Amino acid sequence: MADQTHVLFVEDDDVIREATQLALERDGFAVTAMPDGLSGLEAFRADRPDIALLDVMVPGLDGVSLCRRIRDESTVPVIMLSARADSIDVVLGLEAGADDYVTKPFDGAVLVARIRAVLRRFGHAGGGDRAEDTGTAGDGGVLTFGELEIDTEGMEVRKGGEPVALTPTEMRLLLEFSSAPGTVLSRDKLLERVWDYGWGGDTRVVDVHVQRLRTKIGQDRIETVRGFGYKLKA
């Protein structure tokens, strides 16, 4: 298991859980599969997986609450699984700290591709909480935007001299904005650059992450350009 990417998979449907576990193992992943949120939390704390796949509707501790608990303790990437693309649960999961979501029923190849895309942008292929390597943007050094300071080499952010805790996805999003301050970045471009989507994706992922980032660095620092996208105020 040490040489494999370790996936925590929490799903209460026995057929889906077993079939998905087998499919992931065939693709070379090590999988810990749990039927409910509480056992999933215990497994997360015991094993420190590389990525967590959480179904929204699981008993004991639902997937959104489990995501919040994981995010309180770790920056490990989280993908939510939802039965409906238009469900409010998708947004709730992203607001809870999930990095992406996949709609059920899903094709095994699509799920594997999404997992690998998340792991690529997190810069690791195994080993628990090694999600701190987010890549680089800009020309190095410290970038300053008002009271916001971004250390692109040390991967640290400060606001008014105080450290700001960002998830790796939030950090990558901020680096994209800071590499081109004042330039409008479309949602599709951000999906491509931050989420590594080589295909069309749900722009709600971008919108929710931008809102989460705003709450941490200042609501007025990232401006919405209606009909086009977002830009960082220089």
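Use the structure listed above.
To keep things clear, this report deals only with the structure shown in the data block. Keep in mind that this is a model prediction, so the values were computed, not measured.

1. Digging into the pattern of salt bridges
Inspection of the entire model under this criterion finds 13 salt bridges. Here Glu-73 makes a salt bridge to Arg-45, at a shortest N to O gap of 2.6 Å. A residue pair is termed long-range when its members are at least 10 positions apart, and Glu-73 in helix H3 (residues 63–73) and Arg-45 in helix H2 (residues 37–47) qualify at 28 residues. Classification of Arg-45 as partly exposed rests on a relative accessible area of 42%. The partner of Arg-114 in a salt bridge is Asp-100, and the shortest N-O contact between them spans 3.4 Å. Of this pair, Arg-114 sits in helix H5 (residues 108–122) while Asp-100 sits in strand E5 (residues 100–103); the two residues are 14 residues apart in sequence, bridging distant segments of the chain. An identical accessibility class is assigned to Arg-114 and Asp-100; each is buried. The network of salt bridges with shared partners includes Glu-11, Asp-55 and Lys-104.

2. Quick word on the sheet that holds strand E1 (residues 6–10)
If you walk across this open sheet you meet the 5 strands as E2-E1-E3-E4-E5, and the pairing is parallel. Where the open sheet ends on each side, the last strands, each with one partner, are strand E2 (30–34) and E5. Between one strand and the next, the sheet's axes are offset by a mean angle of 20°, whatever the strand orientation. In this structure, strand E4 (residues 78–82) lies alongside E5, joined through 4 bridges in parallel fashion. By the bridge assignment, Leu-81 is partnered in E5 with Val-102. Across the sheet, helix H1 (residues 14–26) is in contact with E1, E2 and strand E3 (51–55); its angle to E2 comes to roughly 170°. Sitting on the sheet, H2 is in contact with E1 and E2, with an inclination near 165° to E1.

What counts as what
- Per chain, the residues get numbers from 1 upward, laid out in the order the sequence is written.
- Under the rules for a predicted model, residues below a pLDDT of 70 receive no local features and side-chain atom pairs below 80 are neither given nor counted, while totals for whole chains, interfaces and linings still include all residues.
- Side-chain figures throughout are based on the complete set of non-hydrogen atoms in the structure, without hydrogens or water.
- Here, a salt bridge means any side-chain nitrogen of Lys or Arg that lies within 4 Å of a carboxyl oxygen of Asp or Glu.
- Here a strand is any run of E in DSSP of at least two residues, a helix any run of H or I of at least four, and the numbering for each starts at the N terminus.
- Note on classification: 1.4 Å probe, protein chains only; a residue is buried when its accessible area is under 20% of the maximum for its type, exposed when over 50%, partly exposed between these limits.
- Strand pairing is assigned whenever DSSP detects at least two bridges linking the two strands.
- Every angle, taken between N-to-C directions, lies between 0 and 180 degrees, and every axis is a line fitted to C-alpha atoms, over only the stretch in contact when it is a helix.
- Only heavy atoms enter the contact rule, under which two residues are in contact if any of them lie within 4.5 Å.

In short, the description is geometric, and any link to function would need to be established separately.
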